[in-house]
Amino acid sequence: MDEGNAIYEHAQALLAGSEGGESLVKAAEAMRKAANAGHAAAANNFGTMLHHGRGVHKDLAAARAYYHQAAETGLPTARFNLGFMLVRGLGGEKDLSRARTLFLLAAEDGEVDAITHLGAMMMTATGGDQDFGAAREWWTRGARLGDSRCAFNLGIAHAGGHWGESDFIAAWHWFREAERLGNAGAVVELERLESVMSDEEHAAAKACAAR
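Below, the structure is looked at part by part.

## Quick notes on unusual backbone geometry
Part 1 of the reasoning: Residue A125 is not a glycine yet carries a positive backbone phi of 55°.
Part 2 of the reasoning: Inspection of the secondary structure puts A125 in the loop between α7 (112-123) and α8 (132-144).

## Side note on the packing of helix α1 (residues 2-16) against helix α2 (residues 22-36)
Part 1 of the reasoning: At a minimum axis separation of 8 Å, α1 and α2 run at an interaxial angle of 160°. In this view, α1 runs roughly antiparallel relative to α2, as classed from their interaxial angle. The handedness of the crossing between α1 and α2 comes out as left-handed. Taking contact as the criterion, the partners of G4, I7, Y8, H10, A11, Q12, L14 and L15 in α1 are, on α2, L24, K26, A27, A30, M31, K33 and A34.
Part 2 of the reasoning: Here the contact of α1 with α2 is built from residues that sort into 10 nonpolar, three polar and two charged.

## Description of the pattern of salt bridges
Part 1 of the reasoning: Inspection of the entire model under this criterion finds five salt bridges.
Part 2 of the reasoning: A salt bridge links D147 to R149, with the shortest nitrogen-to-oxygen separation between them at 2.7 Å.
Part 3 of the reasoning: Residue classification places D147 among the buried positions, given a relative accessible area of 8%.
Part 4 of the reasoning: Connected through salt bridges with shared partners, the residues D113, D147 and R149 form a single ionic network.

What counts and how
- Residues numbered from 1 in each chain as written.
- Predicted model: local features only at pLDDT ≥ 70, side-chain atom pairs only at ≥ 80, totals over all residues.
- Heavy atoms only, no water.
- Helix = DSSP H or I, 4+ residues; strand = E, 2+ residues; numbered from the N terminus.
- Axes fitted to C-alpha atoms, helices over the stretch in contact; angles between N-to-C directions.
- Parallel < 35°, antiparallel > 145°, perpendicular 65-115°, else oblique.
- Left-handed = near helix turned anticlockwise from the far one by under 90°.
- Contact = heavy atoms within 4.5 Å.
- Nonpolar A, V, L, I, M, F, W, Y, C, P; charged D, E, K, R; others polar.
- Salt bridge = Lys/Arg side-chain N within 4 Å of Asp/Glu carboxyl O.
- Buried < 20%, exposed > 50% of the residue type's maximum accessible area, 1.4 Å probe, protein only.

Read these as geometric descriptors, not functional statements.
Here's what the structure looks like:
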C-alpha cells in the first residue's frame, strides 16, 4: 500500500498540473498504477477517468470494475459512483436493489449525492419499499449538509402533499433554502408557490423566516 500511496500522490500532482493532452494521459496512467496497487481513492478516480474518457478511452465496463474495487473498501464516493452506474445500467446490467443499498451505505457516511438519490428511490419505491418518512429524513439531512437539491426536493414534496396535506409554508421555507444554496430551479418554484399562497400563509412564512 505504501507504493500505492506514493504513486497516487504522484498521479494527483500530475492531475493538478495537467492542461490536458499528454500530461493528462500520464496522470491517468499513474492513477491506473496506483489503483492496481490497491489504492482505493485511486481506483475511484481512475474509474471516473474511464467513465468520462479523461486521459484514457472511455470504457464504462472498466469504470464500473474500478468503482467496484474502491467501493469494496467502503469508500463513500465510490459506493455512490457504483450505485449510479447500477441505476443507469452503465457498463453492465441495472441492479436497482443493490444501487439503493450502496446509496444507503454512502449516505450513512454523509455522501450528499447518495443522500439525494436515496431519497428519490425511497419516494418512488425504486429498488425497495416506498418510505416517505425516511426520504424526508434523508433529504432534511442532506439540506442541512448544504445540498440544494435536497432542499429543493423537500419544497416539491411539501408543496405536493407527499407527506399528507400540502404545506405551503414548509415548501416556501425549503425553496428559500434551496435558492440560498444556489438552486436556480427554486427561484421559479418559489414564484409559482407565492402566486397561490394565501395572505395568511405569506404572513406565516415570513414570520418563520424572521425567527
